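# Architecture and fold: a report
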Amino acid sequence: MFENMIELLKSGPKRKLVFTEGAEPRILEAASRLYRDNLLTPVLLGNPDEIKAAAAAHGQPIDGCEIVDPLAYPDIEAMVIKMVEVRKGKMTADECRAALKKSNYFGTMLVKMGGADGLLGGATYSTADTVRPALQIIKCKPGSKIVSSSFIMRRATDRGEELYVMADCAINLDPNEDELVEIVLETARTAKLFGIDPKVALLSYSTLGSGKGETVDKVRKAADRLKAMQLDFPVDGELQFDAAFSPVVAKTKAPGSPVAGQANTFIFPNINAGNIGYKIAQRLGRFEAFGPILQGLNAPINDLSRGCNADEVYKMAIITTALK
Ligand SMILES: CC(C)(COP(=O)(O)OP(=O)(O)OC[C@H]1O[C@@H](n2cnc3c(N)ncnc32)[C@H](O)[C@@H]1OP(=O)(O)O)[C@@H](O)C(=O)NCCC(=O)NCCS
Ligand SMILES: CC(=O)OP(=O)(O)O
């Protein structure tokens, strides 16, 4: 799954990736490995003395990394001026100056001003605190109305690698019908970037009318709209997870569906279902979970789960930088 991305990063000019939590041991381990493997130039944010002390304490050489201290940045006033302009009257210069003391806002502005190619944060920051500066400063790419997210779920088996996509498990709390349609289109695009041929199931507690309720209606209406589009991948819904996944159950619950029993891209009706669902697959099903990979954003900025390990940071850094 990573071979093409690694090849791309090794062969092209070195891209710079900002890490907002520069002194965090998992970040230091991943940054050291990313530089050693000649994949990218890590930009570690924080106090240089603290970062160097943490790197030494954990035996991580970081000679190839850049260290930038938001509290001692020489061009901070230019950054404040740009941030006030981008926030369009929503933040004063003093508010921007205060926000830029924090590495989540500083790192996002560094990307906005072209000082780095992308950003990866969230090893200690919550998702909301990692993503909010990106929503406010980087904003949606042309043609997108919302930023959403997906997880690539991977598990090695005797028969090779199992790959699935799950969305939106991290950003939109309760997407409406329009937002669900956009999440499906963006998630199918993400699936293709990872070499997955998407077969998309819009999940619910009901299969094709077996249950009733407003949330079922929302999912079915979104699925009906998608089915009416000329898409180059199959979509169906509303489907329960067993009907979407199991060919045996699909025969009973959704015979004739182009997706039921073979879905590989699962769209949840809300963030409760999505976040719980992907973590169950990760912890009970022993899937590796790569994400949340942000979709619809104007620059490559990604979040980590606070439960991530150094290897997951390493892989998310590759994904973030390669997908620029
Ligand atoms: C993403 C999130 C932080 C945004 O919430 P928020 O900061 O309260 O949002 P606000 O309504 O104040 O909006 C802040 C800005 O972001 C924009 N925004 C909010 N949600 C957005 C979305 N889904 N897509 C694009 N822009 C969005 C708003 O338009 C606003 O922009 P503006 O300030 O330029 O007008 C919130 O939806 C959230 O907490 N999501 C769940 C995160 C989480 O806990 N996940 C579970 C663990 S992964
Ligand atoms: C994606 C996610 O759930 O993040 P965290 O575990 O940090 O809340």
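Residues numbered from 1 in each chain as written. Chains lettered and ligands numbered in written order. Predicted model: local features only at pLDDT ≥ 70, side-chain atom pairs only at ≥ 80, totals over all residues. Heavy atoms only, no water.

For the chain, an unreviewed UniProt entry supplies the name Phosphate acetyltransferase and the organism Ethanoligenens harbinense. What UniProt states about the chain under its Pathway (unreviewed entry) heading is, verbatim, "Metabolic intermediate biosynthesis; acetyl-CoA biosynthesis; acetyl-CoA from acetate: step 2/2." (UniProt positions renumbered as here; feature names shortened; annotations may be inferred.)

Within the chain, the secondary structure is distributed over 13 helices and 11 strands. Since a compact globule built from 324 residues should have a radius of gyration of about 20 Å, the 21 Å found for the chain is in line with a globular shape. When the 324 residues of the chain are sorted by exposure, 54% land in the buried category. Expressed as a percentage of contacts within the chain between residues at least 6 apart in sequence, the contacts between residues at least 24 apart total 71%. (Helix = DSSP H or I, 4+ residues; strand = E, 2+ residues; numbered from the N terminus. Rg over C-alpha atoms; globule rule 2.2 N^0.38 Å. Buried < 20%, exposed > 50% of the residue type's maximum accessible area, 1.4 Å probe, protein only. Contact = heavy atoms within 4.5 Å.)

Another aspect to go through is the site of ligand 2. Taken together, Thr127, Phe151, Asn275, Tyr278, Lys279, Pro292, Leu304, Ser305 and Arg306 form the complete shell of residues around ligand 2. A distance of 3.0 Å is found between an oxygen atom of ligand 2 and a side-chain nitrogen or oxygen belonging to Asn275. Within the contact set of ligand 2, an oxygen atom lies 2.8 Å away from a side-chain nitrogen or oxygen of Arg306. Isolated, ligand 2 exposes 260 Å² of accessible area, and the fraction of that covered by the protein chains is 87%. Per element, the largest residue contribution to the shell around ligand 2 is three residues, and it comes from helix H12 (residues 271–283). In terms of residue class, the shell around ligand 2 is made up of four nonpolar, three polar and two charged. (Near = heavy atom within 4 Å. Polar contact = N/O pair within 3.5 Å; in protein donor to acceptor, adjacent residues only side chain to side chain. Areas by Shrake-Rupley, 256 points an atom, 1.4 Å probe, with all protein chains shown as cover. Nonpolar A, V, L, I, M, F, W, Y, C, P; charged D, E, K, R; others polar.)

Moving on: the confidence of the model for the chain. Averaged over every residue, the pLDDT of the chain is 96; residues scoring 70 or more account for 100%. What the predictor reports for the complex is a pTM of 0.94 with an ipTM of 0.97. (pLDDT = per-residue confidence, 0-100.)

Before going further, it helps to examine the sheet that holds strand E9 (residues 265–267). On the basis of which strands lie adjacent, the open sheet formed by six strands has the order E8-E7-E9-E6-E5-E10 and mixed pairing. In the strand order of this sheet, the two ends are held by strand E8 (235–239) and strand E10 (288–295), each with one partner. When strand polarity is set aside, the average angle formed by the axes of neighbouring strands in this sheet is 20°. Pairing of strand E6 (residues 160–167) with E9, which is carried by three bridges, proceeds in the parallel orientation. If you follow Ala167 over to E9, its bridge partner there is Ile267. (Pairing = 2+ DSSP bridges. Axes fitted to C-alpha atoms, helices over the stretch in contact; angles between N-to-C directions.)

It is worth spelling out the nonpolar core at this point. Membership of the largest hydrophobic core comes to 37 residues, with the highest contact counts inside it found for Phe19 and Leu44. Where this core is concerned, the elements lending two or more residues are helix H1 (3–11), strand E1 (16–19), helix H2 (25–36), helix H3 (48–57), E10 and helix H13 (310–322). Broken down by element, the residue count for this core peaks at seven residues, all from H13. Once residues within four sequence positions are removed from consideration, Phe19 is found in contact with Ile27, Leu34, Pro42, Val43, Leu44, Leu45, Leu120, Val313 and Ala317. (Core = buried A, V, L, I, M, F, W, Y, C linked by side-chain atoms within 4.5 Å.)

For the rest of this paragraph, the subject is the packing of aromatic side chains. For any pair of aromatic rings, the description rests on two quantities: the centre-to-centre distance and the angle between the ring planes. Scanning the entire structure with this criterion turns up eight aromatic pairs. Ring centres 5.3 Å apart and planes at 85° place the aromatic pair Phe2 and Phe290 in the edge-to-face group. Pair noted here: Phe2 is in the segment before H1 and Phe290 is in strand E10, with a separation of 288 residues, a long-range link. Residue Phe2 is classed as buried on the basis of its relative accessible area of 6%. By relative accessible area, Phe290 is classed as buried at 0%. Ring geometry for Phe241 versus Phe245: centroids 5.5 Å apart, planes at 15°, classification stacked. One end of the pair, Phe241, and the other, Phe245, are both in helix H10 (residues 241–245), four residues apart, so they sit about a helical turn from each other. We classify Phe245 as partly exposed; its relative accessible area is 35%. Put simply, the rings of Tyr164, Phe241, Phe245, Phe266 and Phe287 touch in pairs and so form one group of aromatic residues. (Phe/Tyr/Trp six-rings, centres within 6.5 Å; stacked < 30°, edge-to-face > 60°.)

With an omega dihedral of 0°, the bond running from Gly237 to Glu238 counts as a cis peptide bond. Summarising the element assignment, Glu238 is placed in strand E8. Across the junction of Gly291 and Pro292, the peptide omega takes the value 0°, indicating a cis bond. Tracing the backbone shows Pro292 in strand E10.

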